[in-house]
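Residues per chain, in single letters:
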Amino acid sequence: MQEQSMTGAVATYALGLRAEDIPEDVRRHARILAADHIACAFGGSLTPLAASVAEYARFMGAGGDIPVPGMKERLSPAMAAFVQAGFANALDYDDTGSRGHPGSSIFPAVLALGARLGASGGEVLAALVAGYEVNDRVARATLPSPACYAKVHANGSLQAMGVAAACGRLLGLNGDEMLNCLGIAGAMAPVPHAGKFGWEDKSIASVKDNVAVPSENGVRAAVLAKYGYEGSESVLDGEAGFAAMIGSDRCEKSVLCDFSAFSLPRVCLKPYPCCRWIHPALDALRGLMAEHAFRPEDVASLDVATTPPVAARFGRVRARTFLDMEFSTSLTLALALHGVPRERWFERRFWDDSSVRACAANITLTPDEGLWKRFLELGRDSSCVPARLALRLRDGRSFEAECDRASGSFEKPLSPAEREEKWSGLLAPLGRERAARLVETALRFDELENIRELTELFGVA
């Protein structure tokens, strides 16, 4: 193994991590992330996007032994990873890291592969943590400059490395096999697509955060490497390395190779089913609503000062699909004002309701260079997109509120009650008893003798 290379450092870390070396705070957060992922996957399985993904799986030939939340059919490990990732991300309610949605790529692959192998909860824990830690290093090390990021970035593409590391760890690859696994995953990673995300097209693209292909390919890469398939053994290294492959103009070795502390506890849970960049505005609005108890029809106007990129792209007041709603500051604030249950925001009867659209039309977005400067000072973190609200009511009263760090972040974690409210809403269609069993099992997954004890709860009877 190339111990001094970046690829070698990642491979060594992923293979060397042991469950017994994982601190309790990391274990505890991993359990919470597991419950959150499963709840999001079940909730997302009800969306039109999930219906498309499920039909794709059936067309390709459903068959296998891996259950998926919300599907009657069982699938192969790779297909199960793809489908479950698509379900988990559909609502945009899934966890967020320093970039992107790591859990929606990592969990489906590891749970599917773990179920096939009959892996223990401890083995699954070590694989998941390795995946999250590698994902975070790649995400931070390859964060493009603002100028490059404005043209192209690859939040989904970069997740290929974390998934591959997790799956390779779970399969027990040796050093050379893990290098091949990472190289295969890099070659199969989806191209950066954020420049064609849907900002200027008819609608937000269904591929959206692009979490499903990296999840599927992580399983494929690990299994292929296990059986002798080869990939680049230096995929992360050099000027033509993975950073360049995914459209970045930088790769910081000091960040990529530093595994001295765990970053998994900093992965955020989302309290709202929409883009994380909107969350500070929603937090500010929620504070005003709690303090002043006004109704949506009382609102004469609401101006949201925000960073210029958000102001330019997040102001839709009409949605063609529910994905448009997930990236509309105006519509999500209108849904919050109307008190629509968050797990139901995706339903057309809510986001396309005439009163919600009328309310959204009274919400304007204003670019603010000072807030952009603040965003850069906060490290361009996805949970720190500052927003300042100026609300005017029809009775003449005016209120202001500002927020620069979203709830659910490391600094402002969701309370146990807030987590329970989210999961209960998402899992309500399953019935109280089954939902409670799912959450209870997920919150102790690392203690299970066989991870199938958890995954067997996924299937539809």
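Details of the structure are given in the entry above.
This write-up is about the structure you can find in this document. Please read all numbers here as calculations on a predicted model, not as lab measurements.

**A word on the layout of surface pockets**
Now for step 1: Counted as a void, the largest pocket has a volume near 720 Å³.
Now for step 2: Residue lining of the largest pocket: 37 residues in total, with Tyr149, His153, Asn155, Trp199 and Trp277 positioned closest to the centre.
Now for step 3: Counting residues per element, the ones that place at least two in the lining of the largest pocket are helix 7 (146-151), helix 8 (155-171), helix 14 (308-313) and helix 19 (369-377).
Now for step 4: Residue contributions to the lining of the largest pocket peak at 4 residues, all from helix 8.
Now for step 5: Per-class residue counts for the lining of the largest pocket are 17 nonpolar, 12 polar and 8 charged.
Now for step 6: Reported here for the second largest pocket is a volume of approximately 520 Å³.
Now for step 7: Forming the walls of the second largest pocket are 31 residues, and the residues nearest its centre are Ser98, Asp136, Arg140, Arg266 and Asp381.
Now for step 8: Looking at the lining of the second largest pocket element by element, the count peaks at 6 residues for helix 6 (residues 121-141).
Now for step 9: Partitioning the lining of the second largest pocket into residue classes produces 13 nonpolar, 8 polar and 10 charged.

**Some words on helix 8**
Two residues of an α-helix separated by three or four positions point the same way, owing to the 3.6 residues in each turn.
Now for step 1: Between its first and last C-alpha atoms helix 8 spans 25 Å; for 17 residues at 1.5 Å apiece the expected length is 24 Å, and the two agree.
Now for step 2: Within helix 8, 16 of the 17 residues are buried, which leaves it mostly tucked inside the rest of the structure.
Now for step 3: Immediately downstream of helix 8, the backbone of glycine 172 shows phi near 70°, a positive value.

**Observations concerning the packing of helix 3 (residues 48-61) against helix 4 (residues 77-90)**
Now for step 1: Between helix 3 and helix 4, whose axes approach to 9 Å, the crossing angle comes to 170°. What the angle tells us is that helix 3 and helix 4 run roughly antiparallel. For the pair helix 3 and helix 4, the contacting residues are Leu49, Ala50, Val53, Ala54, Tyr56, Ala57 and Met60 in the first and Met79, Phe82, Val83, Phe87 and Ala90 in the second.
Now for step 2: Grouping the constituent residues of the contact of helix 3 with helix 4 by class yields 12 nonpolar, no polar and no charged.

**Points about the pattern of salt bridges**
Now for step 1: One pass over the structure, following the stated rule, counts 35 salt bridges.
Now for step 2: For the salt bridge of aspartate 65 with arginine 116, the shortest nitrogen-to-oxygen distance reads 3.1 Å. Separated by 51 residues along the polypeptide, aspartate 65 in the loop between helix 3 and helix 4 and arginine 116 in helix 5 (residues 102-117) bring together distant segments of the chain.
Now for step 3: You can call aspartate 65 partly exposed: its relative accessible area is 33%.
Now for step 4: Among the charged side chains, a salt-bridge network with shared partners connects Asp92, Lys208, Asp209, Lys270 and Glu326.

**Quick notes on the pairing of strand 1 (residues 299-306)**
For a regular strand, the rule is simple: side chains alternate between the two faces of the sheet.
Now for step 1: In terms of residue burial, strand 1 counts as a mostly covered element, since 6 of its 8 residues are buried.
Now for step 2: Here strand 1 runs beside strand 3 (residues 387-393); their pairing, made up of 7 bridges, is antiparallel. Bridging from a neighbouring strand, aspartate 303 pairs with alanine 390 of strand 3.
Now for step 3: Pairing geometry for strand 1 and strand 2 (residues 363-367), over 5 bridges, is parallel. When the sheet's bridge partners are listed, aspartate 303 is paired in strand 2 with threonine 364.

**Focus on the sheet that holds strand 1**
Now for step 1: Spatially, the 4 strands line up as an open sheet ordered 2-1-3-4, and their pairing is mixed. Looking at the sheet topology across the chains shown, the edges are occupied by strand 2 and strand 4 (398-403). The average angle at which neighbouring strand axes cross in this sheet is 15°, direction not considered.
Now for step 2: Across the sheet, helix 13 (residues 279-292) lies against strand 1, strand 3 and strand 4, angled at about 140° from strand 4, the strand it touches most.

**Observations concerning unusual backbone geometry**
Of all residues except glycine, most have a negative phi; of all peptide bonds, most are trans.
Now for step 1: The phi dihedral of asparagine 210 falls on the positive side, at around 60°, and the residue is not glycine.
Now for step 2: Here asparagine 210 is to be found in the loop between helix 9 (175-188) and helix 10 (212-226).
Now for step 3: For arginine 380, which is not a glycine, the phi torsion comes out positive at approximately 55°.
Now for step 4: Inspection of the secondary structure assignment puts arginine 380 in the loop between helix 19 and strand 3.
Now for step 5: Classification of arginine 380 by relative accessible area gives buried; the value is 19%.

**What about the environment of aspartate 36?**
Now for step 1: Looking at the secondary structure, you find aspartate 36 in helix 2 (residues 24-44).
Now for step 2: Accessibility expressed as a relative area gives 1% for aspartate 36, which makes it buried.
Now for step 3: A C-alpha to C-alpha distance of 29 Å links aspartate 36 and alanine 360, two positions 324 residues apart in sequence.

Reading guide: rules and limits
- Residues numbered from 1 in each chain as written.
- Predicted model: local features only at pLDDT ≥ 70, side-chain atom pairs only at ≥ 80, totals over all residues.
- Heavy atoms only, no water.
- 1 Å grid on protein atoms, 1.4 Å probe; cavity = no way out; pocket = protein on both sides within 12 Å on 5 of 7 lines; lining within 4 Å.
- Points joined across faces, edges and corners; volume = space filled by probe spheres on them.
- Helix = DSSP H or I, 4+ residues; strand = E, 2+ residues; numbered from the N terminus.
- Nonpolar A, V, L, I, M, F, W, Y, C, P; charged D, E, K, R; others polar.
- Expected span 1.5 Å × (residues − 1).
- Buried < 20%, exposed > 50% of the residue type's maximum accessible area, 1.4 Å probe, protein only.
- Axes fitted to C-alpha atoms, helices over the stretch in contact; angles between N-to-C directions.
- Parallel < 35°, antiparallel > 145°, perpendicular 65-115°, else oblique.
- Contact = heavy atoms within 4.5 Å.
- Salt bridge = Lys/Arg side-chain N within 4 Å of Asp/Glu carboxyl O.
- Pairing = 2+ DSSP bridges.

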